[in-house]
Amino acid sequence: QTASGVTHLWGHPDSPPSLRCGIYYADFFVGSQAAFVIESALLHRKRTGKGQFIEISQVEAMANAMAVPFLDHVMNERDVEPTGNDRPYAAPHGVYPCMGDDRWVAIVVRDRGEWAALCACIARPDLADRTDLQALEGRRAAESEIDDAISGWTSTRDEWEIADDLQRRGIPASPLENVADQVERDEGMRGYYLEYQRGEVPFLAHQQPFTWNGERLPTWPSPGLGEHNVEILQGELGLDSETVADLVIREIVH
């Protein structure tokens, strides 16, 4: 991720690079690309009878995520810097602390109507009446002051209740969810997580975040250690049962 340049753009301007990525995003990104490349190679084999040599580098796969900043540098000679939660098309645009430990809500205001609704929701008519805050440019200039006002309101409230209230007023808002939130509280995630039972240990796996022709792809758990030994060693490789037993005794296979 760092070698591809992605982590340079994540986080706030003063965040050290080591703190800019909370997940191993490259693992997910290269997995999706690998699946696409393998499918393409299989299609090519079906059409031509010829196989393909596939080599997938995580750095090269992640570089695809840098398409817009890369083009901005090449075409406009402009280097993109990390901006945190700030976006040029909206103000305020950020995440705000809520009641509880490490609980947050995301709030976005894109136009004058949403700004007026937000000010009414947080009971700040003084901000709504200020002429310098009616336009996007003025709100961006006063973003620190606005963020403090919003944080003072959100910090004593539940993030789900805040999001519901703001959404009813036409303001984009959402809780920042962890996995427990997605499984237990978010109605929109119903059916996204699947529970599997392997022995005495149940575990959750999530669906792919996309559909094929409107349908989810079939899912099943990964095989257990040694689950297909007999099928592969005897059925595919033709080893006899004594040879397989000897491999197990010598702990070459499980």
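This is a predicted model, so every value here is computed, not measured.

### Quick look at the pattern of salt bridges
Oppositely charged side chains are able to pair whenever their charged atoms sit close together.
Then step 1. Taken as a whole and judged by the stated rule, the model has 13 salt bridges.
Then step 2. Across the pair D181 and R103 runs a salt bridge whose closest N-O atoms are separated by 2.7 Å. Taken together, the residues span a long stretch of sequence, with D181 in helix α10 (residues 179-184) and R103 in the loop between β1 (93-97) and β2 (104-108) at a distance of 78 residues.
Then step 3. When the shortest N-O distance is used, the salt bridge between R110 and E114 registers 2.5 Å.

### So, the layout of surface pockets
Then step 1. Estimated volume of the largest pocket: approximately 540 Å³.
Then step 2. Along the wall of the largest pocket there are 19 residues; nearest its centre are A35, Q208, F210, W212 and L217.
Then step 3. Top contributing element to the lining of the largest pocket by residue count: helix α2 (residues 25-48), with six residues.
Then step 4. The residue makeup of the lining of the largest pocket, split by class, is 12 nonpolar, six polar and one charged.

### Focus: the sheet that holds β1
Then step 1. Pairing is antiparallel in the open sheet, where three strands are placed in the order β1-β2-β3. If you trace the sheet from one side to the other, it starts and ends with β1 and β3 (173-175), each paired once. Between one strand axis and the next, the sheet turns by 20° as a mean value, whatever way the strands run.
Then step 2. As defined by bridge partners, β2 adjoins β3 across three bridges and the pair is classed as antiparallel. Looking at β3, one finds that A106 is bridged to S174.

### Overview of the packing of aromatic side chains
Then step 1. Per the stated rule, a full pass over the model turns up three aromatic pairs.
Then step 2. A centroid spacing of 5.4 Å and a plane angle of 90° characterise the contact between Y192 and Y193, whose relative ring orientation is edge-to-face.
Then step 3. What makes Y192 buried here is its relative accessible area of 15%.

Basis of the calculations
Residues numbered from 1 in each chain as written. Predicted model: local features only at pLDDT ≥ 70, side-chain atom pairs only at ≥ 80, totals over all residues. Heavy atoms only, no water. Salt bridge = Lys/Arg side-chain N within 4 Å of Asp/Glu carboxyl O. Helix = DSSP H or I, 4+ residues; strand = E, 2+ residues; numbered from the N terminus. 1 Å grid on protein atoms, 1.4 Å probe; cavity = no way out; pocket = protein on both sides within 12 Å on 5 of 7 lines; lining within 4 Å. Points joined across faces, edges and corners; volume = space filled by probe spheres on them. Nonpolar A, V, L, I, M, F, W, Y, C, P; charged D, E, K, R; others polar. Pairing = 2+ DSSP bridges. Axes fitted to C-alpha atoms, helices over the stretch in contact; angles between N-to-C directions. Phe/Tyr/Trp six-rings, centres within 6.5 Å; stacked < 30°, edge-to-face > 60°. Buried < 20%, exposed > 50% of the residue type's maximum accessible area, 1.4 Å probe, protein only.

Interpretation note: all reported values are geometric properties and have no functional meaning in isolation.
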